[in-house]
Amino acid sequence: MKVRINKDVCIGCGYCQSVEPKVFKVADEAQAEVIAEVTEETYSNVQEAMANCPVSAIEEEF
């Protein structure tokens, strides 16, 4: 699974980083960014972050 952050809607709340800091980081621009690929270890937390992002900015890449 690959994910990306939709920069047009991300508000930089930091929820994704708090749930899975190995994959997400809130950058200096006050928006989240993906810093690593999703692994078996991080998959569940990434799914949680996607489901609970307040603006649905985390999108799966196909």
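The structure we're discussing is the one just above.
Residues numbered from 1 in each chain as written. Predicted model: local features only at pLDDT ≥ 70, side-chain atom pairs only at ≥ 80, totals over all residues. Heavy atoms only, no water.

Undergrad: With reference to specific residues and values, describe the overall build of the protein chain.
TA: Scanning the protein chain from terminus to terminus reveals two helices and four strands. Going residue by residue from the N terminus, the α and β elements of the protein chain occur as β-α-β-β-α-β. A compact globule built from 62 residues should have a C-alpha radius of gyration of about 11 Å, and the protein chain, at 10 Å, falls within 12% of that. Along the three orthogonal principal directions, the C-alpha set of the protein chain runs to about 30 × 20 × 15 Å. Partitioning the contacts of the protein chain with sequence separation of at least 6, the portion at a separation of at least 24 is 55%. If you sum the accessible surface of the protein chain, you get close to 3,900 Å²; carbon and sulfur atoms cover 46% of it. Charged side chains in the protein chain number 5 positive and 12 negative. The centres of these two groups are separated by 4 Å. (Helix = DSSP H or I, 4+ residues; strand = E, 2+ residues; numbered from the N terminus. Rg over C-alpha atoms; globule rule 2.2 N^0.38 Å. Contact = heavy atoms within 4.5 Å. Areas by Shrake-Rupley, 256 points an atom, 1.4 Å probe, with all protein chains shown as cover. Lys, Arg positive; Asp, Glu negative; His and termini not counted. Charge placed at Lys NZ, Arg CZ, Asp CG, Glu CD.)

Undergrad: Talk me through the side chain of N6; I want residue IDs and the actual numbers.
TA: Turning to its location among the elements, N6 is positioned in the loop between β1 (2–5) and α1 (15–19). The class for N6 is buried, based on a relative accessible area of 16%. Side-chain polar atoms of N6 contact the backbone nitrogen of D8, separated by 2.9 Å. Residue contacts for N6: discarding those within four places in its chain leaves A57 and E59. (Buried < 20%, exposed > 50% of the residue type's maximum accessible area, 1.4 Å probe, protein only. Polar contact = N/O pair within 3.5 Å; in protein donor to acceptor, adjacent residues only side chain to side chain.)

Undergrad: Mind laying out the nonpolar core, listing which residues take part and the relevant values?
TA: The nonpolar side chains of soluble globular proteins are, as a tendency, buried together. In terms of nonpolar packing, the biggest core is built from 15 residues, with V3, I5, C16, F24, V46, A49 and I58 touching the most fellow members. Put simply, the parts of the chain that give this core at least two residues each are β1, α1 and α2 (43–52). Counting residues per element, this core draws most heavily on α2, which supplies three residues. (Core = buried A, V, L, I, M, F, W, Y, C linked by side-chain atoms within 4.5 Å.)

Undergrad: Explain the state of the cysteines residue by residue, including any values.
TA: Under the criterion given, the structure shown has zero disulfides. Of all cysteine sulfurs, the one in C10 lies closest to C16, which takes part in no disulfide; the gap is 6.5 Å. Free of any disulfide, C53 has its nearest neighbouring cysteine sulfur in C13, separated by 5.9 Å. (Disulfide = S-S within 2.5 Å.)

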